[in-house]
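Residue-level structure breakdown
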Amino acid sequence: MKTGMDTITTHTEEGHSKQRGIGTSAESSTNYQDTIDTKSTTEHEGEVKGSNEEITEAHPFSNGTALPKGTIDPVYEAKARVLNNAIQEIGMGWYQWQLFIVVGFGWANDNLWPVVTSLIFTPITNEFLPSHPPLLSLAQNIGLLAGAMFWGFGCDVFGRKWAFNLTLGVTAIFGLLAAGSPNFAAIGCFAALWSFGVGGNLPVDSAVFLEFLPGSHQYLLTILSIDWAFAQVIANLIAWPLLGNISCQEGETCTRRKNMGWRYFVIAMGGISLIEFFVRFGFFTIHESPKYLMGKGRDDEAVTVVHDVARRNGKTSTLAVEDLKACEIPGASVETDAVAALKRKLEKLNLTHVRALFATKKLAFSTGLIMLVWAFIGLGYPLYNAFLPYIQATRGAKFGDGSTYLTYRNSLIIAVLGIPGALLGGVLVEVPKFGRKGTLALSTVLTGVFLYCSTTATTSDALLGWNCAYNFCSNIMYAVLYAYTPEIFPTKDRGTGNALTATANRVFGVMAPLIAMFANLQTAAPVYTSGALFIVAGLLVAILPFEPQGKASL
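Structural notes, computed from the coordinates. (Residues numbered from 1 in each chain as written. Predicted model: local features only at pLDDT ≥ 70, side-chain atom pairs only at ≥ 80, totals over all residues. Heavy atoms only, no water.)

So, on to the state of the cysteines. Disulfides are covalent bonds that link the sulfur atoms of two cysteine residues. Under the criterion given, the structure shown has one disulfide. With its sulfur 2.1 Å from that of its partner, Cys248 forms a disulfide with Cys254. Across the disulfide from Cys248 to Cys254, rotation about the S-S bond amounts to roughly 80°, and the bridge is consequently right-handed. (Disulfide = S-S within 2.5 Å.)

Take a look at the structure:
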């Protein structure tokens, strides 16, 4: 999700954008220094100007940033650009490719476990016979909401590193324990607890990856969604034999012995998450984000991290602490006494990070609108997807092919279509004059359209075809949405921005099972509602103010 650092792009009178580094002309340097400190010396101004001219000339990707200049604290903005230049200088190397793999675990788990809940929904309902089955989905969404808030807001306070590792561990442990659930209340509690870990994956992981990524390779944030699609395929591939063959059939008396499939399935999913946790924690050394450290005033640690990343990439970095200090207001000092330290600790509890995302009218409009988009999708997606196996089974029964085996086979076919969708999203976001916004708006609207089309199906094969088209488009949509969102927030507030959008998504997600409990699921009403929400969300995307294509994140 892009940071509050506005683009370094300025516009000429003819309307063409022209990229500049900090202080690429005497005029821009002077204006920038006046913004920071009207008392700054000519010597200091010249040093900043000169150093940034050199970096700008060498690294064109560092010139453009996702948000317009002046949106956030000018000192932070200047330092972030210096760090952008340093990361671009190092380039895409071994460290980033390793990070690409382990961050993909978070993307995978974000989709894996909601799919798990969807797939075990019918077997659990048949075994425990709860009076309100959608309470399972409600428990999951409450856990996702709590996780998004805790990990998302928390990583801006206590850092990305621990949150990055712990989210997978929490998910794996409670996922494995859920297999022993003796009743519906127990599985509901475990679903909420594993979802608490799942909810933190994307807010934290997207921030971690983006902050180590050179501006020239930010499209990889979109490509990461292939892990999201693969997770859906893996879940359905394992569910097909387990749930398809070791589950009670519709209408028969269901006992635990006949219905062990969902328990084996949850153990398998928990085992996958546990392996991913051990790979992350034991075989990969994650650094704290340099921009996060810089935003906390720990410039020396930020420089150390940059140099270690360069070393692991087989490169060297010319970045020095002095390069960051040169961006500061001359004569400014940091209070270090105990009272000041306590004050800074207390300031972490206020809404500074939230206010920063609404600091200007344009930034506030962007933040509010992207939250609304996430909210509408948060209601539309689970309202339809959480009950997809139920819809398929009941409609399949009408067509004479509603067996458990065929239901999970069709779910696998639908899931496979998500993989090319995620890959296509990674290509489309780099198309000139189409970019993130065009791809996201079109794919979101088409997702809603295909949901409407599914209500016209008169055979199970037709229903399967429309669901495949829906999943193809929705995977393009999610691939771009997960990349676009962190790009438009500044690093120091990115965790909070991610948390706000994820929270909006999960709050509306909580509403989906509540609607399901009181709505008539024997009709197409959930599909009509879901389709309308996607179409409206797609139209809202079209008026978002920032297009991050070809610009570095601050």
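Glancing now at the nonpolar core. The biggest cluster of nonpolar side chains holds 87 residues, and the ones touching the most others in it are Leu99, Trp107, Phe164, Phe209, Ile370 and Ile377. Looking at this core element by element, the count peaks at eleven residues for helix α17 (residues 361-385). Apart from the residues lying within four places of it in its own chain, the contact partners of Leu99 are Phe164, Val208, Phe209, Phe212, Phe284 and Ile286. Counting residues in each nonpolar core, the second largest holds 28 residues, with Val116, Phe128, Leu144 and Leu242 among its members. (Core = buried A, V, L, I, M, F, W, Y, C linked by side-chain atoms within 4.5 Å. Buried < 20%, exposed > 50% of the residue type's maximum accessible area, 1.4 Å probe, protein only. Helix = DSSP H or I, 4+ residues; strand = E, 2+ residues; numbered from the N terminus. Contact = heavy atoms within 4.5 Å.)

Summed over all chains, the structure comprises eight salt bridges. Among the salt bridges present, the one from Arg280 reaches Asp205, with a minimum N-O distance of 2.5 Å. Of this pair, Arg280 sits in helix α11 (residues 261-283) while Asp205 sits in helix α8 (residues 201-210), and the two are 75 residues apart along the sequence. When its relative accessible area of 1% is taken as the criterion, Arg280 is described as buried. Given a relative accessible area of 0%, Asp205 falls into the buried group. Close ionic contact of Arg311 with Asp308 constitutes a salt bridge, the shortest N to O distance being 2.7 Å. With Arg311 and Asp308 both in helix α13 (residues 299-312), this residue pair falls three residues apart, about one helical turn. When its relative accessible area of 53% is taken as the criterion, Arg311 is described as exposed. The structure contains a network of salt bridges with shared partners spanning Lys79, Asp299 and Lys325. (Salt bridge = Lys/Arg side-chain N within 4 Å of Asp/Glu carboxyl O.)

Moving on to the packing of helix α3 (residues 74-90) against α13. The angle between the axes and the distance between the axes are what describe a pair of packed helices. Axis separation between α3 and α13 bottoms out at 10 Å; the angle between their running directions is 15°. Looking at the two axes, α3 sits roughly parallel to α13. When you trace α3 past α13, the crossing you get is right-handed. Contacts between α3 and α13 involve Lys79, Leu83, Ala86 and Ile90 from the first element and Asp299, Val306 and Ala310 from the second. Among the residues making up the contact of α3 with α13, the classes are represented as five nonpolar, no polar and two charged. (Axes fitted to C-alpha atoms, helices over the stretch in contact; angles between N-to-C directions. Parallel < 35°, antiparallel > 145°, perpendicular 65-115°, else oblique. Left-handed = near helix turned anticlockwise from the far one by under 90°. Nonpolar A, V, L, I, M, F, W, Y, C, P; charged D, E, K, R; others polar.)

Moving on to the packing of aromatic side chains. Evaluation of the coordinates by the stated rule reveals 17 aromatic pairs. Each ring, one from Phe277 and one from Phe278, has its centre 5.5 Å from the other, and the planes form 55°; the classification is tilted. The exposure class assigned to Phe277 is buried, which follows from its relative accessible area of 16%. These aromatic residues form a ring-pair network of at least three members: Trp107, Trp228, Trp374, Tyr478 and Tyr482. Over the ring of Phe164 we find Arg280; its NZ or CZ atom is 3.8 Å from the centre of that ring. (Phe/Tyr/Trp six-rings, centres within 6.5 Å; stacked < 30°, edge-to-face > 60°. Lys NZ or Arg CZ within 6 Å of the ring centre and 35° of its normal.)

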